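Residues per chain are reported as follows:
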Amino acid sequence: MAKTPQQVIDEGRMGGWQIAAVAMTILLNALDGFDVMSISFAAPGIARQWAVPQDVLGWVLSMELIGMAVGSIVLGGVADRIGRKPTILACLSVMTLGMVLAAQAQNVTQLSLWRLLTGLGIGGMLAALNATVAEFSNARYRNLVLPLMVIGYPLGAFIGGLFARDLVSGGNWRDVFHLGAGLTALTIPLTLWLIPESPGWLAARRPADALGRINQVLARFRLPPLDALPDPVAGQAKASFAEIFSSPYLQRTVLLTLAYLTHVTAYYYFVKWIPKIIVDLGFDPGAGAGVLTQAMLGGAIGGGVLGLLAMRIGMRKATLAALGGAFVMLNLFGRGDPDLAMLGLLAAVTAFFSNAAAVGFYALLAMAYPPHLRATGTGFGIGFGRAGAALGPAMAGMLFAGGLDLGGVSLIISLGSLLAIVAIMLLRSAKD
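All figures in this text were calculated on a predicted structure; none of them were measured in a lab.

Draft legend 1. Up close: helix 5 (residues 108-136). The end-to-end C-alpha distance of helix 5 is 41 Å, a good match for the 42 Å that 29 residues give at a rise of 1.5 Å each. The buried fraction of helix 5 is high, at 21 of 29 residues.

Rendered as structure tokens:
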């Protein structure tokens, strides 16, 4: 019986071009991180220029997250139908356009619309990237490579934040979006060069000359070619969205999606409101951007540590540990320490655990589905979870506007991480 492309990749070594392709997915996810966080860096300037109240600002902060939810669900399925690479390229184009238009916005309504458009591109690319990196990695390093891809997100926000801090200190929040648009456009030719189509997708969908295209990728990765395509798996060519809700996928779809949704409600409240919270505590906008930058660095380190820990104890147990830490630290941050250095440290440790848990969900989702359903299942889990991501900042805005202090808001929203622990403990069928 002929081997599948994934079996060849699983059994082989990680060669130079293979590592370069994985590194490119990390760079693209880093770009996502900066594009998503750009509105947070810009928020104090937007609120000041247009006199935006807190409850309205909460919805502005959530708009690209709503777009990400729709993009992940809809475009994740597209990536399973037309391929990973064309989906990624199309999403990069949409993101570039959205960032350019956001920089030209003249009011809250326009800005919200263009952030929604940007989110569509980001969400679709996240689903396609998660499937791609799982299919490019060998078996030995998959539990490490998947978290490394996801930590690109806070790493991009951290590096971008170093530049954004100076931009917002200069008083022009629009320059943050100009920077994001330029960086996004630059990655399009790099993606064309470094990311081939997934051999797993080619084997599952079997477009014209599938065997030749698979062997081209395997040769590039310095792996042995296939003599023939493996026998098709019944139903793969006609896989549908409904299949992720059929046996044996129903339990993992529901529980992983629920757990991710409740956790990212807390995570995105935290990262989206940091600059405004710091300003409300009496510090300048540059200090708010600086604390968010520290948080993003902590998140990147947390994701990497989770990957190493998962290689020893399994992804499920590592994710549970991170969720517990996230709940505790969010409430410590919610005490609103008056010392800026301490706030930065608390933010970094909170993000360490919170992003580590988010990284765990990406890996669990990617490993829960076969190649022909991977982008669809991942896209649904991430996309539906983004409903929680959008809810977090908006809910916090309403709670703040209703008179709750930072500690009360943090306690209420942090309960999402506890609910995620319960859902993961109920999970029995997803692989460690």
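Draft legend 2. Geometry of the pattern of salt bridges. Enumeration according to the criterion identifies 8 salt bridges in this entry. E11 serves as the salt-bridge partner of K3, at 2.6 Å between the closest nitrogen and oxygen. A salt bridge links E135 to R374; its shortest N-O distance comes to 3.1 Å. Of this pair, E135 sits in helix 5 while R374 sits in helix 14 (residues 371-401); the two residues are 239 residues apart in sequence, bridging distant segments of the chain. Each of D80, R84, E135 and R374 takes part in one network of salt bridges that share partners.

Draft legend 3. Summary view of the side chain of T96. Among the secondary structure elements, T96 is positioned in helix 4 (residues 84-103). For T96, a relative accessible area of 15% puts it in the buried group. Of the polar contacts made by the side chain of T96, one reaches the backbone oxygen of L92; its length is 2.9 Å. Those residues in contact with T96 that sit more than four places away from it in its chain are A181, T184, A185 and I188.

Draft legend 4. View of a nonpolar patch on the surface. On the surface, a nonpolar cluster with roughly 380 Å² of combined accessible area is contributed by W17, L27, L190 and W193. Looking at the secondary structure, you find L27 in helix 2 (residues 16-50). A residue is classified by how much of its surface remains accessible, and L27, at 38% relative accessible area, is partly exposed.

Draft legend 5. Representation of the layout of surface pockets in the model. When its volume is computed, the second largest pocket comes out at roughly 260 Å³. If you trace the second largest pocket, you find 14 residues lining it, with L27, A30, L31, I159 and L183 closest to the centre. Those elements that provide at least two residues to the lining of the second largest pocket are helix 2, helix 6 (142-169) and helix 7 (174-194). Taken together, the residues of the lining of the second largest pocket break down into 11 nonpolar, 3 polar and no charged.

Draft legend 6. A look at the environment of G290. As for its placement among the helices and strands, G290 is situated in helix 11 (residues 285-313). Along the chain, G290 and G161 lie 129 residues apart, while their C-alpha atoms are 7.4 Å from each other.

Scoring rules and cut-offs
- Counting of residues starts from 1 at the beginning of each chain's written sequence and follows it residue by residue.
- In keeping with the model being predicted, local features are shown solely for residues with a pLDDT of at least 70 and side-chain atom pairs are shown and tallied solely at 80 or more, while totals for entire chains, interfaces and linings include all residues.
- Calculated side-chain values reflect all of the structure's heavy atoms, with hydrogen atoms and water omitted.
- Helix and strand assignments come from DSSP, with helices taken as H or I runs of at least 4 residues and strands as E runs of at least 2, each series counted from the N terminus.
- Expected span of a helix: the number of residues minus one, times 1.5 Å.
- Each residue's exposure class comes from its accessible area (1.4 Å probe, protein chains only) as a fraction of the maximum for that residue type: buried when under 20%, exposed when over 50%, partly exposed otherwise.
- Take a side-chain nitrogen of Lys or Arg and a carboxyl oxygen of Asp or Glu: if they are within 4 Å of each other, that pair is a salt bridge.
- Whenever two N or O atoms come within 3.5 Å, that pair is a polar contact, provided that in protein one can donate a hydrogen and the other can accept it, and provided that, for residues adjacent in sequence, both atoms are side-chain atoms.
- The contact criterion used is simple: two residues touch if any of their non-hydrogen atoms lie within 4.5 Å.
- Residues forming no salt bridge and having over 30% relative accessible area are the ones grouped into patches, like charges within 9 Å of each other and nonpolar side chains (Val, Leu, Ile, Met, Phe, Trp, Tyr) within 5 Å.
- Calculation of accessible area relied on Shrake-Rupley with a 1.4 Å probe; when residues are assessed, cover is drawn exclusively from the protein chains displayed.
- Using only the protein atoms, space was sampled on a 1 Å grid; points where a 1.4 Å probe fits but cannot get out form cavities, open sets with protein on both sides within 12 Å along at least five of seven lines form pockets, and lining residues are those with an atom within 4 Å of a point.
- Grid points are joined across faces, edges and corners, and a volume is the space filled by probe spheres set on the points.
- Three categories are distinguished: nonpolar for Ala, Val, Leu, Ile, Met, Phe, Trp, Tyr, Cys and Pro, charged for Asp, Glu, Lys and Arg, and polar for the others, with Gly belonging to the last.

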